Amino acid sequence: MSLSVSLHHDFGGFALDVDFRAPPGLTVLFGRSGSGKTSVIKAVAGLLHPDAGRIATADRVLFDGVTGRALPVHRRRIGYIFQEPRLFPHLSVRRNLTYGRRFAPRRGDRAEVDRVVEMLGLGALLDRRPGGLSGGEQSRVSIGRALLSAPEILLADEPLAALDEARKAEILPYFERLRDETDIPILYVSHSVQEVARLATTVVAMEQGRVTRAGPAVEVFADPAFSPTGPRDAGALIEARILTHHADGLTEVQAGPARLHLPRTPGTPGDPLRLRIAAQDVMLAREAPQGLSALNILPGTVTAIREDAGPGVLISLTTPAGPILAAITRRSLAAMGLTTGTPCHAIIKSVAIAQREDPRVG
Amino acid sequence: MSLSVSLHHDFGGFALDVDFRAPPGLTVLFGRSGSGKTSVIKAVAGLLHPDAGRIATADRVLFDGVTGRALPVHRRRIGYIFQEPRLFPHLSVRRNLTYGRRFAPRRGDRAEVDRVVEMLGLGALLDRRPGGLSGGEQSRVSIGRALLSAPEILLADEPLAALDEARKAEILPYFERLRDETDIPILYVSHSVQEVARLATTVVAMEQGRVTRAGPAVEVFADPAFSPTGPRDAGALIEARILTHHADGLTEVQAGPARLHLPRTPGTPGDPLRLRIAAQDVMLAREAPQGLSALNILPGTVTAIREDAGPGVLISLTTPAGPILAAITRRSLAAMGLTTGTPCHAIIKSVAIAQREDPRVG
Amino acid sequence: MTDWLGPEEWQALRLSLKVSFWAMLASLPLGLLAAYALSRWRFPGRQLLNLLIHLPLVLPPVVTGYLLLLTLGARAPLGEFLGQFGITFAFRWTGAALAAGIMGFPLMVRAIRLSLDAVDPKLEEAAATLGARPLSRFFTVTLPLIAPGILAGAVLSFAKAMGEFGATITFVSNIPGSTQTLPSAIYAFLQVPGGEASALRLVALSVVIAMGALLLSELLAQRVAKRVAGK
Amino acid sequence: MTDWLGPEEWQALRLSLKVSFWAMLASLPLGLLAAYALSRWRFPGRQLLNLLIHLPLVLPPVVTGYLLLLTLGARAPLGEFLGQFGITFAFRWTGAALAAGIMGFPLMVRAIRLSLDAVDPKLEEAAATLGARPLSRFFTVTLPLIAPGILAGAVLSFAKAMGEFGATITFVSNIPGSTQTLPSAIYAFLQVPGGEASALRLVALSVVIAMGALLLSELLAQRVAKRVAGK
Amino acid sequence: TLFAAASLKTAMDQLEPAFEEATGADLRVSLAGSSALARQIQQGAPADVFISANPGWMDQLEADGLIMPETRRDLLGNDIVLVAHDPDAAPVSLNADLDLPALLGGAPLAMALVDAVPAGIYGRTALQSLGLWDSVAPHVAQADNVRAALALVALGEAPLGVVYATDAAAEPDVTVIGTFPKGSHDPILYPVAALADSANPLTADLLDFLSGPEARAIFEGQGFTWAAD
Ligand SMILES: Nc1ncnc2c1ncn2[C@@H]1O[C@H](COP(=O)(O)OP(=O)(O)OP(=O)(O)O)[C@@H](O)[C@H]1O
Ligand SMILES: Nc1ncnc2c1ncn2[C@@H]1O[C@H](COP(=O)(O)OP(=O)(O)OP(=O)(O)O)[C@@H](O)[C@H]1O
Ligand SMILES: [Mg+2]
Ligand SMILES: [Mg+2]
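Along each chain, numbering runs from 1 in the same order as the chain's sequence is written. Throughout, the order in which chains and ligands are written sets their labels, letters from A for the former and numbers from 1 for the latter. Where totals are concerned, whole chains, interfaces and linings use all residues; where local detail is concerned, this predicted model gives features only for residues with pLDDT of at least 70, and gives and counts side-chain atom pairs only at 80 or more. The basis for every side-chain value is the complete set of heavy atoms in the structure, and neither hydrogens nor water enter the calculation.

Caption draft 1: Broad picture of the overall build of chain C. Put simply, DSSP marks the helices as runs of H or I at least four residues long and the strands as runs of E at least two long, and each gets a number from the N terminus on. Within chain C, the regular secondary structure consists of eleven helices and zero strands. For chain C, the α and β elements follow one another from N to C terminus as α-α-α-α-α-α-α-α-α-α-α. The principal-axis extents of the C-alpha atoms in chain C amount to approximately 65 × 45 × 30 Å. When a residue's accessible area, from a 1.4 Å probe over protein chains only, is under 20% of the maximum for its type it is buried; when over 50% it is exposed; and in between it is partly exposed. A buried classification covers 60% of the 231 residues belonging to chain C. When contacts within chain C are restricted to residue pairs at least 6 apart in sequence, those whose partners lie at least 24 apart make up 73%. When charges are tallied, Lys and Arg are placed among the positive residues and Asp and Glu among the negative ones, while His and the ends of the chain are skipped. A charge is said to be at NZ when it belongs to Lys, at CZ for Arg, at CG for Asp and at CD for Glu. Separation of charge centres in chain C, based on 18 positive and 11 negative side chains, amounts to 10 Å. Only heavy atoms enter the contact rule, under which two residues are in contact if any of them lie within 4.5 Å.

Pasting the structure below:
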């Protein structure tokens, strides 16, 4: 289901003025500290009453600035993972987790609770109270609490910021599954390019209370002009499909007519898969190189060269697998004599492709 | 100044049992959520009274479990950046920031306040109260508050977790300067490998309340057995020295007898520099490759091969620049026929080296 | 014990306990409501309500008792009206409880209100996002969090009721067995020369009872605090 | 106004204001200390102190006044002892203030203590890590955060003092100009036939004053709350 | 300073300016319950003259040596009466045949505290000596003082009450339906005395003034009887 958000609010000193559509899937709100991400989410949740605007899903109007009607928070059926944990201090972890269940119209099965507890590694903490939990433990409980309330809209405000990489890698697939297997619109705030690349269906970039860029993640990421946190985080997204799992632990995928190797990735042949190829991880060569440890070498043609202030340049290439970006130095650009239209080879280490945080990979 | 921490504490259900020395510089506490990092820091701060142990710097005993003497918190002269912001709700941002100054024996100059405010981008918020600040704004104020209290020990518990990359990049150099230019022991908790690699003088890895590994960062990172969050985060640290800044934006550095190129890095020729070369970013070739966009190719010899469960293997190499790690696939290992003692070339994209989060780089 | 206390005193003690207990219990829901209204709602007449609640504190108890007599006495319009439904206060222990409850009401409301004001609204917000209706929110989040204030309010109200006598005796008089409470008995003893010793005995008794109530409430409050602190 | 009130009543009003004001003001530091001790320190005799503070609530006011008379009267050892230092309470307005202060003390301590209990100890910890000594911590962090409780305590104490008379009249009698407060005057009026109208006038007066104090405290509390909420 | 029972307030309000006019002195009158005043005197109150509504307290003070016994005299007298709320209530004769419970019709009889407050004690003694007490005792609502008892009758909460004649006379909403015979109870007396500690030169003047004709007129105006008669 899609969610459309249009709102204007004046905080006195800070004005929020956004208008975007979050199509089905997961929409990432991306932007610097203080750019208004949490405020947008609060408005969707009903905790901020905007001066004007309209917030609606396909079948429900949550807020209408014209009529002034606002659905009360508790009837919006949202799951909100707050930026800070906000746990109920007087309830055990278990009762925090299941708090929303009793209000849910369709109450998930008990097995769902066990699954979420398992995924978040909260099994040993169920009878503790939030007071004594570590920071990361608290934020995991808060994730679980929102997920278990059977929401029809999920709002996640930097849910993984306080967690270690291994823990993140255990939780990310859950969000992927939510994105792929349910119809719930998800608004997700994150500062991590990796998280964004991995999860985003749509990216909404914000700056000073305004949307500066919004669109499908694949498009936004293929654009050399979009480098969310400086050019070194540029990278293209490639849609692929699993072909086979090899005995030596590699998974071969089909991306357009091209085939790529990556570390074993869960899924059965035929499953779709999204790969992010960071511009930094791509090397270019005029001739097809030999005897390299890199397994993936794609022929391609330079379509654009973007030079910025720094010593690096961003090269856009078309390859059989799709458009990709490569970040190389000016010096290499000159040495290799690349210009628009030059054919060349993109060398990608297999282990560099793909879903970075997953420890099962690599 | 160095800090030695030895403590035992039983929470009932969770036992903390650590013993490590933090030599001068910055010591990173690294470990999964719930491994006891915050508890260690709290004990140093005096907010947790351990059952037993001893915490002392070269000239002061903070806690002595034998005599039972514990220096009161306010006399420990610490600056503690808490995991959550913990701002004083009734004070303006300005008065939050300067709260510790009046208690400091040597009161920093006013310019110091301005510098910190500037670095943290808090200029526009000084007269606001914490209540209305965004998550990232709050955590920046809390960083500033601790830094401005003129501490003699700095404790930072995931200080940058809530910040965007650009903001992190503005703050990290401040910690570097503290590390390099003052004598203050710094305990720093972080889940980010990049932060750790960039800042750590010493790494203390924790698991379930125990120290599993402690030592100088360079050593720990060169060890293929140390992969803090799974093998894909392995990477070696190389100590280098700036040689020249080239006109095309590259900085040439000397690492042992080898020379490497990296994007413009601040500093004057002769300045020492630490580089992290992620194992993932290293490609291997039996023959010296030609016509590649990669600028840095180091000859080397395989010294060890570590195979784990996954499809990847970690190769340790000696190179003129120092020991480095390369992560390649089993398939490539087989195809290239690498074994201990095999000479080969390590190919490193210049842009992949170095201090990743700094936007001035790249 | 029965030796030490005369039968009338014994009766006064029992009655005092009954009156104080019911005064406290009956005030609780109203006190909660009033505290909630004052703390959370903005409505015209809010300050008037606030003042009204504080009145018994400001007025000499006799005046409060007299006003009660004027409004709820058997001959007063409201009193007669309620009397038709079998609700009478005049010269009944219920009247004593009412007077005591009213005298303790400002104390109870204040205590609860202070606790309410200290509840982090973010937690109620969180409950709302999880689908809890206002009433559920109140019972599952707010109420447990203000438990210390409720306890404090209850014990203040109870203690006040154990000591109240000015309004009570003015409103419902002093009828042994139906409205003679401990404080009235104490007062009576103090009116006659040489009655101090007898008065002291009863004073000691009410002190012991109040101490018990106080200790109990402290104990409960500690438990609640521990739970909330997550220990 | 001066027409409407007789000179004695006018005097009683002034005295009541003085007595209530000083009762409140002098209780404040002690109330703070007692509340802090009860909330934060664990010491033997803690529950005894707690009970002692609550006593005036439980005891009939006459008894409290009598006990004061017995301990601090001109003939009592402690009273004589203090008298040597020029501190006398007996039959002075200071005694009225003392009695009123004591009667309001449990209310004040409770209010402050509830606020204290609600202060997040993490903020005090943060202040400590920043080098603030316990006393600085208290004044820069705790005190501003419990301001609502202090205000509530102060207004309760003031209101109680404006209405108190049982203990006051028993302790310091009812001497116009030195110990006759509004409530005592009201009491006296109520003792004679036809005094109701006069009493009512004084009652209205004290209600108006208490209302003023209440409104003021609410206003201040709102300001404080806004500041803390970060608006 | 004069300590006087609170029930004398109206009289004192008139006496005070009269005395001040006569002597040019400043008289201060503290009005409170006799018990409170007596205790304060025991604790060294700075009073010069005490008028008690209760001879018992004066006896107590005398026993304690706190008054000058030679100055003690009974100043005022009073009667107790049966009052009714109903303005048309027929007068009754107070004797053993009176069926008080029937008159009450199940409603209470308002009195002051029958064991503690003088008016209550006098009333109880009178009813006892008339043989009415046992039948009426269960119906007695005891107020903390006469005024409160009177208020109960005035408001109609109690149809009947036993109060001082002085109070009944001043309350328009009650009707006196009977006066208890003098012999049915101890004489109702308001003793006055100078206090032993009094060093005030005007004390004697005040005592004289209180017994003087001007004071007598004022007291009798309030319905008190002159005890010296
Ligand atoms: N009072 C307590 N009672 C029981 N267990 C406790 C208590 N305090 C802390 N713990 C447990 O001790 C462990 C370590 O907590 P700590 O806060 O030090 O973790 P951490 O390493 O900082 O984790 P994170 O990265 O999530 O912040 C946690 O599992 C926590 O639940
Ligand atoms: N009540 C308020 N009054 C004034 N300014 C406010 C108020 N509430 C929020 N703001 C400002 O609005 C801006 C956006 O806040 P918001 O919490 O939406 O930021 P954010 O994008 O979530 O940032 P972060 O990544 O730091 O959490 C901030 O600069 C904040 O200070
Ligand atoms: Mg935010
Ligand atoms: Mg922690």
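Caption draft 2: Spatial organisation of the overall build of chain A. The helix and strand inventory of chain A stands at eight helices and 20 strands. Projecting the C-alpha coordinates of chain A onto the three principal axes gives extents of approximately 65 × 50 × 35 Å. Out of the 362 residues belonging to chain A, those deemed buried represent 62%. Computed by Shrake-Rupley with a 1.4 Å probe, the accessible areas treat only the displayed protein chains as cover when residues are assessed. When the accessible surface of chain A is split by element, carbon and sulfur atoms take 50% of a total near 12700 Å².

Caption draft 3: Representation of the site of ligand 1 within the structure. To be near a molecule or strand, a residue needs just one of its heavy atoms within 4 Å of it. Around ligand 1 sit 19 residues, and of these S134, G136 and E137 of chain A together with T38 and S39 of chain B come closest. Neighbouring residues of ligand 1 are not confined to one chain but are distributed across chains A and B. Distance and chemistry together define a polar contact, namely a pair of N or O atoms within 3.5 Å, with one atom able to donate a hydrogen and the other to accept it when in protein, and with adjacent residues in sequence counting only for side-chain atoms on both sides. One of the backbone N or O atoms of G135 of chain A is found 3.3 Å from an oxygen atom in ligand 1. Here an oxygen atom of ligand 1 and a side-chain polar atom of S33 of chain B are 2.8 Å apart. Isolated, ligand 1 exposes 640 Å² of accessible area, and the fraction of that covered by the protein chains is 88%. A per-class count over the shell around ligand 1 returns two nonpolar, twelve polar and five charged. For this scheme, ten residues count as nonpolar: Ala, Val, Leu, Ile, Met, Phe, Trp, Tyr, Cys and Pro. Four count as charged, namely Asp, Glu, Lys and Arg, and the remainder, Gly too, count as polar.

Caption draft 4: Quick peek at the arrangement of the chains. Contacts are most numerous, across the six pairs of chains in contact, for chains A and B. Between chain B and chain C there is no contact; the minimum C-alpha to C-alpha separation amounts to 10 Å. No part of chain A reaches chain E; the closest C-alpha pair between them is 48 Å apart.

Caption draft 5: Just the coordination of the magnesium ion (ligand 4), in detail. Protein coordination at the magnesium ion (ligand 4): the donors are T38 of chain B (OG1) and Q83 of chain B (OE1), at 1.9 to 2.2 Å from the metal. Note that T38 of chain B is positioned in helix α1 (residues 37-45) and Q83 of chain B in the loop between β7 (78-81) and α2 (93-97), a separation of 45 residues in sequence. Donor criterion used throughout: N, O or S atom within 2.8 Å of the metal, extended to 3.2 Å for Na, K and Ca. Water excluded; incomplete-looking sites may result.

Caption draft 6: Examining the confidence of the model for chain A more closely. Looking at chain A as a whole, the pLDDT averages 84, with 92% of positions reaching at least 70. A score between 0 and 100, pLDDT records how confident the predictor is in each residue. The low-confidence segment residues 354-362 of chain A (pLDDT under 50) makes 36 contacts with residues lying over four places distant or belonging to another chain.

Caption draft 7: Molecular detail of the pairing of strand β10 (residues 202-207) of chain A. Residue and element names in this part refer to chain A. Burial analysis of β10 places five of its six residues in the buried class, the great majority of the element. Here strand β3 (residues 26-31) pairs with β10 via five bridges, running parallel. The partner of V28 across the bridge, within β10, is V203. In this description, strands pair whenever DSSP reports at least two bridges between them. For β10 and strand β11 (residues 210-216), the ladder comprises six bridges, and the chain directions are antiparallel. Opposite V204, over in β11, you have A214 as the bridge partner. Remark: two residues form the turn of the hairpin made by β10 and β11, two consecutive strands paired antiparallel; Q208 in that turn has positive phi of roughly 50 degrees.

Caption draft 8: Just the pairing of strand β13 (residues 250-255) of chain A, in detail. Residue and element names in this part refer to chain A. The buried count for β13 comes to five of six residues, which makes it a mostly enclosed element. The pairing of strand β12 (residues 235-245) with β13 spans four bridges and is classified as antiparallel. Bridge pairing links T244 to E252 in β13. In this antiparallel pair of consecutive strands, β12 and β13, the connection spans four residues, and G249 shows a positive phi of 95 degrees. In this sheet, strand β14 (residues 258-263) lies alongside β13 in antiparallel orientation, the contact comprising six bridges. Pairing of T251 across the sheet is with L262, part of β14. Linking β13 back to β14 in an antiparallel pair, the connection comprises two residues, with G256 at a positive phi of about 60 degrees.

Caption draft 9: Structural detail: the sheet that holds strand β15 (residues 272-278) of chain B. Residue and element names in this part refer to chain B. Taken in spatial order, the four strands of this open sheet run β14-β13-β12-β15, and their pairing is antiparallel. The sheet terminates laterally at β14 (258-263) and β15, the two strands that pair on one side only. The average undirected angle you get between the axes of adjacent strands in this sheet is 45 degrees. The angle between two axes is taken between their N-to-C directions and runs from 0 to 180 degrees, where each axis is a line fitted to C-alpha atoms and a helix contributes only its stretch in contact.

Caption draft 10: Quick peek at the site of ligand 2. Around ligand 2, the structure places 19 residues, and the nearest of them are T38 and S39 of chain A together with S134, G136 and E137 of chain B. Taken together, the residues near ligand 2 originate from chains A and B. Here G34 of chain A contributes a backbone N or O atom positioned 2.8 Å from an oxygen atom of ligand 2. K37 of chain A is positioned with one of its backbone polar atoms (N or O) 2.7 Å from an oxygen atom of ligand 2. Isolated, ligand 2 exposes 640 Å² of accessible area, and the fraction of that covered by the protein chains is 87%. Residue composition of the shell around ligand 2, grouped by class: two nonpolar, twelve polar and five charged.

Caption draft 11: The arrangement of the pattern of salt bridges in detail. Any carboxyl oxygen of Asp or Glu that lies within 4 Å of a side-chain nitrogen of Lys or Arg is treated as forming a salt bridge with it. Applying the stated criterion to the full structure yields 48 salt bridges over all chains. In this structure, E170 of chain B and R32 of chain A form a salt bridge, with 3.6 Å as the shortest nitrogen-oxygen distance. Residue E170 of chain B is found in helix α5 (residues 165-181), and its partner R32 of chain A is found in the loop between β3 and α1 (37-45); the two belong to separate chains. The residue R54 of chain A makes a salt bridge to D64 of chain A at a minimum N-O spacing of 3.6 Å.

Caption draft 12: Geometry of the environment of P216 of chain B. Residue and element names in this part refer to chain B. Topologically, P216 is positioned in strand β11 (residues 210-216). Overall, the relative accessible area of 40% leaves P216 in the partly exposed class. Apart from the residues lying within four places of it in its own chain, the contact partners of P216 are T201 and T202.

Caption draft 13: Layout of the environment of V29 of chain E. Along the polypeptide, V29 of chain E turns up in strand β2 (residues 29-32). The exposure class of V29 of chain E is buried, given its relative accessible area of 5%. Measuring from C-alpha to C-alpha, the distance between V29 of chain E and D208 of chain E comes to 16 Å, with 179 residues separating the pair along the chain. Beyond its immediate chain neighbours, meaning those up to four positions away, V29 of chain E contacts N174 and P176 of chain D together with L2, A4, M12 and E16 of chain E.

Caption draft 14: Main features of a nonpolar patch on the surface. Residues and elements named next belong to chain C. On the surface, L78, F81, F85 and I87 cluster together to form a nonpolar patch covering roughly 400 Å² of accessible area. Position of F85 relative to the elements: it lies in the loop between α4 (77-84) and α5 (93-118). A relative accessible area of 55% places F85 in the exposed class. By definition, no residue in a patch forms a salt bridge, and every one has over 30% relative accessible area; like charges are joined within 9 Å, nonpolar side chains (Val, Leu, Ile, Met, Phe, Trp, Tyr) within 5 Å.

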